[in-house]
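Structural characterization, general
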Amino acid sequence: GPAGLMGEHLRARGFDVVDHLVMHAGSTESHHPFPDPTAFDVVVPLGSIHGVYEHDVIGTWIDREVEMLLTAHEAGVPVFGICFGAQAMCAALGGQVEKAPGYEVGWYSYDTDVPDAVAAGPWFTWHGDRCLLPAGPTELARNSLCTQAYRIGRTVGVQFHPEATPELIGSWVAKCPPGYFASHDTTAEAVLSGFAS
């Protein structure tokens, strides 16, 4: 999805933001080459409706994204992975990504070891997968479902969505089929009203 608040944050600090769309809506395939991550000051991989492990669906590009992220990490380029981006980075580091035993859709607070860097929340969250970290990264925040933030060197991953804006999440909500939110123990209204609090 779009960079949202993350893009605004970077532009306000003088960065030029270059969007790289991996796949177009309605498609699962992509043969576009990934950019050289060492040509950038920071790489921010964002979300996907797919799981990192769904090679039968996104096999045309997921291995290439993971390879690109590992190249960035090993070159010392800062990587800030968000949701699927954090999961892809976890895989690049040698960890695993699996279906979580439940979903988080809405606003959540987390246990954090570094509240000045990763506040407890509430954070907007929308996922059903989780990272199983390899040796090396330090877990920074968590709940009973999964790791919510981790770091190794100049690489950080967060499971939640700090880039979320009402417009961005409104567009996601509009694409959900009838009954989606009830099946995930929430409502569209609860998801969107969190921006007002």
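Structural notes, computed from the coordinates. Since this is a predicted model, take the numbers as computed values, not measurements.

1. Observations concerning the pairing of strand β7 (residues 155–158)
- Residue alternation in β7 divides its side chains into two sets, Thr 155 and Gly 157 and Val 156 and Val 158, and both sets are buried.
- The pairing of strand β1 (residues 79–82) with β7 spans four bridges and is classified as parallel. Among the inter-strand pairings, Gly 81 is bridged to a residue of β7, identified as Gly 157.
- Across four bridges, the pairing between strand β6 (residues 147–152) and β7 is antiparallel. Bridge pairing in β7 links Ala 149 to Val 158.
- If you look at the hairpin formed by β6 and β7, you'll find two residues sitting between the two strands, and Gly 153 has a positive phi there, around 60°.

2. Let's talk about the sheet that holds β6
- Spatially, β1-β7-β6-β5-β3 is the arrangement adopted by the five strands of the open sheet, whose pairing is mixed. Every other strand in the sheet has two partners, leaving β1 and β3 (111–112) as the edge strands with one partner each.
- Note that β3 and strand β5 (residues 138–142) share two bridges and pair antiparallel. Residue pairing for β5: Thr 112 is matched across the bridge by Ala 141.
- Taken strand by strand, helix α4 (residues 84–92) contacts β1, β6 and β7, and its axis lies near 120° from that of β1.

3. Notes on the pattern of salt bridges
- In this structure the tally under the stated criterion is three salt bridges.
- Residue Glu 139 is joined to Arg 142 by a salt bridge in which the shortest nitrogen-to-oxygen separation is 2.5 Å.
- Accessibility expressed as a relative area gives 28% for Glu 139, which makes it partly exposed.
- In the salt-bridge network here, residues are joined through shared partners; they are Asp 113, Glu 139 and Arg 142.

4. Brief notes about the nonpolar core
- Grouped together as the largest cluster of nonpolar side chains are 24 residues, with contacts concentrated most on Val 43, Trp 61, Ile 62, Leu 69, Phe 84, Met 89 and Tyr 150.
- Contributions of two or more residues to this core are made by α3 (62–74) and α4.
- Here this core takes six residues from α4, the largest share from any one element.
- Setting aside residues no more than four positions away along its own chain, Val 43 makes contact with Pro 37, Met 68, Leu 69, Ala 72, Val 77, Pro 78, Val 79 and Phe 80.
- Ranked by size, the runner-up nonpolar core spans 14 residues in total, among them Ala 3, Cys 83, Leu 140 and Ala 149.

Cut-offs used in this document
Residues numbered from 1 in each chain as written. Predicted model: local features only at pLDDT ≥ 70, side-chain atom pairs only at ≥ 80, totals over all residues. Heavy atoms only, no water. Buried < 20%, exposed > 50% of the residue type's maximum accessible area, 1.4 Å probe, protein only. Helix = DSSP H or I, 4+ residues; strand = E, 2+ residues; numbered from the N terminus. Pairing = 2+ DSSP bridges. Contact = heavy atoms within 4.5 Å. Axes fitted to C-alpha atoms, helices over the stretch in contact; angles between N-to-C directions. Salt bridge = Lys/Arg side-chain N within 4 Å of Asp/Glu carboxyl O. Core = buried A, V, L, I, M, F, W, Y, C linked by side-chain atoms within 4.5 Å.

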